[in-house]
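The lines below spell out each chain.
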Amino acid sequence: MKSQWGALALAGVLTLAACGSEAPTATAGDGGGGSLVWAVETQPITFNPHQWGQNKARLLVHNQFDNLIARGKNGEFLSWLAKAWEVSKDGLTYTFQLREDVTFHDGEKFDAAAVKANLDQLVSEGYNPAVKAIQLRNFGSAEVTGPYALKVTLKAPDGIFLDFLASPLAGQVSPKSLKNAKDLKAGGVDVVGTGPFILDRFTPGQEVHYKRNPAYNWAPPSAGHQGPAHLSEVTYRFLPEAAVRVGALTSQQVQVIEGVPATEVGLIKSDPALKLETSLNSGSAFSYYFNLSHAPFDDKRVREAFRDAVDVDAVLNSVYQGTAKRAWSIIGQGSPAFYDASLENTFGNNPARANKLLDEAGWDKRDGEGFRVKDGKRLSVRSVSSAPYVRDRRDVLAQAIQASVKQSAGIDFQVKLVDDGTAQKAYKEDQYEVFENSRGDTDAGAALNLILPKGAAINRTHVENAELDKLLAEASATSDPAERKELYAKVQKIVVTDEALLLPVYVPADQIAHGAGVTGVTFEPVSGTPNSAYDVRIGT
Amino acid sequence: MSTLQLTRRRGLAAAGWLGPVVRRLGSGLAVLWAAATAAYVALLFAPGDTVDVLIGDGLDTPERRAQIIAEWGLDRSALEQYGDYLARLLRGDLGHSYILQRGVGDVLSSQIWPTVSLALTAAVFGVVLALVLALATAGRRSRFGDLVGLSELVVVSVPPFLIGILLLAVFSFTLGWFPVSGDRGFVSLVLPAVALGLQISGVLGQVLREGLERALEEPFAVTARSRGITEWRLVIRHALRHALLPAVTLLGWFTGVLLGGAIIIEAVFGRPGLGQVTVSAVTGKDMPVVMAVVLLSALAYVTVSTIVDLAYLAIDPRLRRSR
């Protein structure tokens, strides 16, 4: 019996050895080679860049697709598939000169007609209504003025049009795919681009596999090298469990993992064979927004008191073991172009002030459980979150804040994790006092436009402030960085200081861990999310 | 026995079969219809509006709402949508996924085989392990028997999620015998199937052992022993048959454990399959996919329990005559 088991185990080991091609094998040749397995947390809903919407899936897009424009280290716009472009004085006309040596994976030529086909597709009825209504709301028409020359006319000046062209949403898809793909919106092997890798296999629930595009010779100047990618193939494996990802990395079954939970950071840092890289995300900070539409947060004193009652540093330390970056404004430090650093240390962790403000606001009695009471009603505030969207241990964070405000100021903070339908219902019926949110837009202004203006899509604070709306509109209309910075500084002052609309908590970040033999794992300059596998290589 | 008599007997046997078979198939179809309807009603009364879920955090304008309503036919009465739904089901059309932008039949058919192979392997492993352990320990009070009984209790009580992680930590991360993820041949099937099958073996093992022990105390066991049969032969030839009957009844329950467990096991091991599809469909209120999964589960149940019922008929002729 025993020897049979031994034989079985041996057979297993041998089979494994036979499957050993997954181990990193750097082969010699032009630009290196080898195959890499990268474990990621999230399986994308779609591979069509035009339908992209998940920040966690952003790292896949630019394996397969390129943009007209790239972003540089400091957020500047760089040429990519567009060699050069010009903006007319009135900000209404954009003329693009395109590269002439680019081909799609299906052999189609990349030219001005292709770009026009992409833009027209993006604004076509029912294709991506959100893009049509937000990013391309000012899009007028695209006109082919030469084989490689294109003129785009806007209906009104738009400060984020170039940002859109540099975003995954504007990845260039082969016109042939746009016409013939079986499931265009879902993307996949038959929706192709011009990128450094070719998607050749997608196994839902398991992995997506890319092979090198040997013809690739049009990387943006911001890339680490030119020419074809270093790796001959790369596999992204979907492992939603963080502990499993880390285990797969430490046992060398995968070479790179994305999404390292705070609890595992120590383990990875202590292992000399592993490296950890972190990058702050752009967009809005993860914040607790206060609902102004009804008591108790219709009273600014209560909003300030809630903020002052929390010792954010202590909370972050206990929940994330010092790996989280504290936020101070609605815009996170991951968007340095607009972040207003002067707001730092202007509020928070002041229980004495919190208690004084609550006394003044009339919440001066306490009930049997130590919570504050006014007119026989307990000072209760509810946060309703849709469970599928809770990540980064935000449920644990909420519990820590719950304990903190109870202890220091007698506030009853109720945390409700519910299914998406129940959450949407609570938002619709205004049955919440705290709204938790962060957004990963590359242009932080796009996030603010969704959260702050009167009647905006996720204006769940119900804030209505004419000056705020005016500033936001002005900032969206101009493309001058200095002017936008100044306008957004004013916005942040109104929101954070004057209105005390939110409690900024932390700046979302991406973590990548990889084996020491892997180099070239980097982050996108503006979004702060992991880059594609283009510059990654194994060995030296 | 004359030829005439034989023919009549055969005819009688067929007639005895026909009624129960038709009855089972009919009730199976009724259960399927009830499952489809129950799923539909439950989703109808679930909190939140389908249009809201489709919009999510995106732009919420009257125009866009109207567009989504028209696109998905949500403006018709619930009854009309229900009738539509049943009619489409009869045609074998499972609908189009709101979220995945693909046909539901497409989504499921590409994911069904990994789940089936996982469930079958787990079932085989669970049954074999339970049989081996029950036969090895039944009727003998020993340390080993106590240990096995205790392990069975532990395995039944620990969630499959934890079992999966523990198996990975030992056999994949530390020993490196098995790969962590994927659907790459039998090697990658071992750990998930063990994690899923252990629970079955835990329950089945206890039921089997109890049945064996009860059977070994029956008068026929005494009779058999008195005729000088060996204890081993007694267990295999006689007691096991009796012990198997209650165990076969558990088959329906297995189906539930395997389908429910597969959802968790597939996520832990990064395996393709129906589990992940189901979870994302439920959380995203992807109604067509949810309904299809409910129907599929009901179909699995109905098939298994029909087979079990018919198997009883085959095993025990008394059941045929009494109905």
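Cut-off values and rules
Residues numbered from 1 in each chain as written. Chains lettered and ligands numbered in written order. Predicted model: local features only at pLDDT ≥ 70, side-chain atom pairs only at ≥ 80, totals over all residues. Pairing = 2+ DSSP bridges. Helix = DSSP H or I, 4+ residues; strand = E, 2+ residues; numbered from the N terminus. Axes fitted to C-alpha atoms, helices over the stretch in contact; angles between N-to-C directions. Contact = placed C-beta atoms within 7 Å. Buried ≥ 20, exposed ≤ 12 C-beta atoms within 10 Å, placed from the backbone. Parallel < 35°, antiparallel > 145°, perpendicular 65-115°, else oblique. Left-handed = near helix turned anticlockwise from the far one by under 90°. Domains from an automatic or database assignment. Nonpolar A, V, L, I, M, F, W, Y, C, P; charged D, E, K, R; others polar.

## A few points about the sheet that holds strand β8 (residues 197-203) of chain A
All names here are of chain A.
Inference 1: Overall, mixed pairing links the 7 strands, which are arranged β8-β9-β10-β1-β11-β22-β12 in an open sheet. At either end of the open sheet lies a strand with only one pairing partner, and these are β8 and β12 (274-280). Across this sheet, the average inter-strand angle for adjacent strands is 20°, counted without regard to direction.
Inference 2: Sheet topology note: the strand β9 (residues 207-212)/strand β10 (residues 233-238) ladder contains 5 bridges and is antiparallel. Pairing of His209 across the sheet is with Thr235, part of β10.
Inference 3: With respect to the sheet, helix α7 (residues 242-250) is in contact with β1 (35-40), β11 (256-258), β12 and β22 (509-515), its orientation differing from that of β11 by roughly 165°.

## Concerning unusual backbone geometry
Residues and elements named next belong to chain A.
Inference 1: Of the consecutive residues Ala295 and Pro296, the connecting peptide bond is found in the cis state with omega at 0°.
Inference 2: Residue position: Pro296 is located in the loop between β13 (284-290) and α9 (300-309).
Inference 3: Unlike most non-glycine residues, Gln252 shows phi in positive territory, near 60°.
Inference 4: Mapping Gln252 onto the fold places it in the loop between α7 and β11.
Inference 5: C-beta crowding within 10 Å serves as the criterion here: with 16 such atoms nearby, Gln252 is assigned to the partly exposed category.
Inference 6: One non-glycine residue, Asn345, adopts positive backbone phi at about 60°.
Inference 7: Assignment of secondary structure puts Asn345 in the loop between β14 (325-326) and α11 (351-360).

## Side note on the packing of helix α15 (residues 466-477) of chain A against helix α16 (residues 481-498) of chain A
All names here are of chain A.
Inference 1: One way to put it is that α15 packs onto α16 with a least axis distance of 9 Å and a crossing angle of 155°. As far as their axial angle goes, α16 and α15 are roughly antiparallel. As α15 packs across α16, the resulting crossing turns out to be left-handed. The segment α15 lies against α16, with Glu467, Leu468, Leu471, Leu472, Glu474 and Ala475 engaging Arg484, Leu487, Tyr488, Lys490, Val491 and Ile494.

## Quick look at the domain arrangement of chain A
Frequently, the measure chosen for interface size is the accessible area removed from exposure when the parts meet.
All names here are of chain A.
Inference 1: Per the domain assignment, the segments of chain A are domain 1 (13-259 + 510-538) and domain 2 (284-507).
Inference 2: For domain 1 versus domain 2, the separation of C-alpha centres amounts to 34 Å.
Inference 3: Residue-level contacts link 13 residues of domain 1 with 13 residues of domain 2.
Inference 4: Among the residues making up the side of domain 1 that touches domain 2, the classes are represented as 4 nonpolar, 7 polar and 2 charged.

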